[in-house]
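One letter stands for each residue in the lines below.
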Amino acid sequence: MFEIPQKIEYIIEKLTQNGYKAYIVGGSVRDILLGKVPQDFDVTTSATPNEVISLFEHTVPTGIKHGTVTVVTDNTPVEVTTFRTENGYADFRRPDNVEFVSDIKEDLSRRDFTINAMAYNHQDSLIDCFGGKDDLKNKVLRTVGDPGTRFKEDALRILRLFRFASTLGFTIEENTLTAALEYSHLLENVSRERIFAELKKTVTGENFEVFSDLIICGGLEFLNIKKIPNFEKIKKHKNNPLICLYLSIDSKCLDQLKPSNSEREFFNAFDKLSLLNAPKTKADIKEMLNISSPEYTLAFFEYKEWDTKDLKQILQNHEPYKISHLDIDGKTLISLGFKGKEIGEILERLRKIVVNEPQKNKKEILINEIP
Ligand code: CTP
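Here is a short report on the structure shown in this document. (Residues numbered from 1 in each chain as written. Predicted model: local features only at pLDDT ≥ 70, side-chain atom pairs only at ≥ 80, totals over all residues. Heavy atoms only, no water.)

1. Describing the site of the ligand
Right, on to step 1. Neighbouring residues of the ligand: 13 residues in total, closest D112, N116, D154, R157 and R163.
Right, on to step 2. The separation between an oxygen atom of the ligand and a polar side-chain atom of R30 is 3.0 Å.
Right, on to step 3. Between an oxygen atom of the ligand and a main-chain N or O atom of D112, the distance comes to 2.8 Å.
Right, on to step 4. Burial of the ligand by the protein chains amounts to 74% of its free accessible area of 560 Å².
Right, on to step 5. Placement of the ligand is best described as lying within the largest pocket.
Right, on to step 6. Secondary structure elements with two or more residues in the shell around the ligand: α2 (27–33) and α7 (156–168).
Right, on to step 7. Element by element, the count of residues in the shell around the ligand is highest for α7, at 4 residues. (Near = heavy atom within 4 Å. Polar contact = N/O pair within 3.5 Å; in protein donor to acceptor, adjacent residues only side chain to side chain. Areas by Shrake-Rupley, 256 points an atom, 1.4 Å probe, with all protein chains shown as cover. 1 Å grid on protein atoms, 1.4 Å probe; cavity = no way out; pocket = protein on both sides within 12 Å on 5 of 7 lines; lining within 4 Å. Sits in = over half its atoms within 2 Å of the grid points. Helix = DSSP H or I, 4+ residues; strand = E, 2+ residues; numbered from the N terminus.)

Structure follows, in structure tokens:
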């Protein structure tokens, strides 16, 4: 059942042969037990970072202070972290101190949810000290130990809780939910980028409705997120997280969450397209394409649930809608004696003509159309 990629097996075996304990841990164990193929594998070991570095040829000291060394095998980076406990979370995000320990159980006890607090290797099989396997079977999210303590240590866990509930379709154990809502004001300590990354995953989940609790309790008010999203509508757009986000959160709030440049461009395009009336003619669609791009206009049609037939036809037939599509350019206008501002004005007027009558996009015809 536990299929572990060769490269990961190699790391675990090498550590084991040298007298250390080593396991796959966290999300990969959870995903395997759920019958999914894990996206990535984290390894946890009793070896200290320096011992890990001395054993493998190619390593990168990614987070030595916190016990993490990246081992690169066949160009694949794998995070190998020393068993550790954590303490002092003054910023509600990261531990002030970590202490390396020799017992895997201690390491597992510092983790967020029971379903993420399991480890495995072929020799010892599954290490599950907190009932993670049962919680997976019963589809329940529960913190390891006291929920309030877990959320105060790292407020990001509150968003992770709702993300897992949404994407896995799990329910949240009562005390865990109560504490998550009680401490939701601590979310202000989480970086906007991390919040954005979690929300992006949460909005496409099967059970996104769970998110209402966090909004109702005011946990996201500091970001001006107060409205309960239209879940029915969002469900139709699961293949496009950006549309789901745009449907869930006001675009001004989205902007505060520090999206990447391309994500910001996407939201800006949607804002601009929203200002136009719904298109009634192909010419109206071309005006949308002129202020946006084919990609964003198509996504906007999807978001509005409009028929894309005419839009696709315009694109397939390469019908002109931009000044750069005109069969005439500024240089030609200069040679005809036009200057300065009037060149732009003429080109825009000609663009309007070909938007309505694409057959007129021929230099000779356009020259005759110049007033
Ligand atoms: N973890 C934690 N608290 C956090 C983040 C992570 O206790 N705020 C622990 C959990 O045991 C988690 C593991 O670190 O399983 C690895 O974290 P990460 O790779 O961020 O998440 P995954 O659980 O693997 O899930 P995903 O990749 O879907 O985010």
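2. Topic: the side chain of N116
Right, on to step 1. Relative to the assigned elements, N116 resides in the loop between α4 (104–108) and β8 (119–121).
Right, on to step 2. Take N116: its relative accessible area is 4%, and that puts it in the buried class.
Right, on to step 3. There is a polar contact of 2.7 Å between the side chain of N116 and the side chain of R30.
Right, on to step 4. The contacts of N116, once residues within four sequence positions are left out, are G26, R30, R111, R160 and F164. (Buried < 20%, exposed > 50% of the residue type's maximum accessible area, 1.4 Å probe, protein only. Contact = heavy atoms within 4.5 Å.)

3. A look at the layout of surface pockets
Right, on to step 1. Empty space within the largest pocket amounts to approximately 1,500 Å³.
Right, on to step 2. In terms of residue count, the dominant contributor to the lining of the largest pocket is α7 (7 residues).
Right, on to step 3. For the lining of the largest pocket, a count of residues per class yields 9 nonpolar, 11 polar and 20 charged.
Right, on to step 4. For the second largest pocket, the calculated volume is near 160 Å³.
Right, on to step 5. Every residue lining the second largest pocket is listed: K227, I228, P229, N230, Y246, L247, S248, I249, D250, S251 and D271.
Right, on to step 6. With 3 residues, helix α12 (residues 241–248) is the largest single contributor of residues to the lining of the second largest pocket.
Right, on to step 7. A breakdown of the residues in the lining of the second largest pocket according to their chemical character gives 5 nonpolar, 3 polar and 3 charged. (Points joined across faces, edges and corners; volume = space filled by probe spheres on them. Nonpolar A, V, L, I, M, F, W, Y, C, P; charged D, E, K, R; others polar.)

4. With respect to the pattern of salt bridges
Should the charged atoms of two oppositely charged side chains come close, the side chains can pair.
Right, on to step 1. Across all of its chains, the model carries 22 salt bridges by this definition.
Right, on to step 2. The salt bridge involving R351 is made with E348; its shortest N-O contact spans 2.9 Å. Of this pair, R351 and E348 both sit in helix α19 (residues 340–356), 3 residues apart, which is roughly one turn of that helix.
Right, on to step 3. By relative accessible area, R351 is classed as buried at 1%.
Right, on to step 4. Classification of E348 as partly exposed rests on a relative accessible area of 27%. (Salt bridge = Lys/Arg side-chain N within 4 Å of Asp/Glu carboxyl O.)

5. With respect to the packing of helix α15 (residues 282–291) against α19
Relative placement of two packed helices is described by the angle separating their axes and the distance separating the axes.
Right, on to step 1. Remark: α15 packs on α19, axes separated minimally by 9 Å, with the N-to-C direction vectors making an angle of 135 degrees. With respect to their mutual orientation, α15 and α19 come out oblique. Note that α15 runs across α19; the crossing there is right-handed. Every residue of α19 that contacts α15 at A283, K286, E287 and N290 is listed here: R351, K352, V354, V355 and N356.
Right, on to step 2. Looking at side-chain class alone, the contact of α15 with α19 contains 3 nonpolar, 2 polar and 4 charged residues. (Axes fitted to C-alpha atoms, helices over the stretch in contact; angles between N-to-C directions. Parallel < 35°, antiparallel > 145°, perpendicular 65-115°, else oblique. Left-handed = near helix turned anticlockwise from the far one by under 90°.)

6. Describing the pairing of strand β1 (residues 22–25)
Right, on to step 1. Burial along β1 is two-sided: the residues A22 and I24 and Y23 and V25 are all buried.
Right, on to step 2. Relative to strand β2 (residues 42–45), β1 runs antiparallel, the two sharing 4 bridges. Directly across from I24, in β2, lies its bridge partner V43.
Right, on to step 3. Examined bridge by bridge, β1 and β8 share 2 bridges and lie antiparallel to one another. Bridge assignment links V25 to a residue of β8, and that residue is A119. (Pairing = 2+ DSSP bridges.)

Read these as spatial facts, not as claims about activity.
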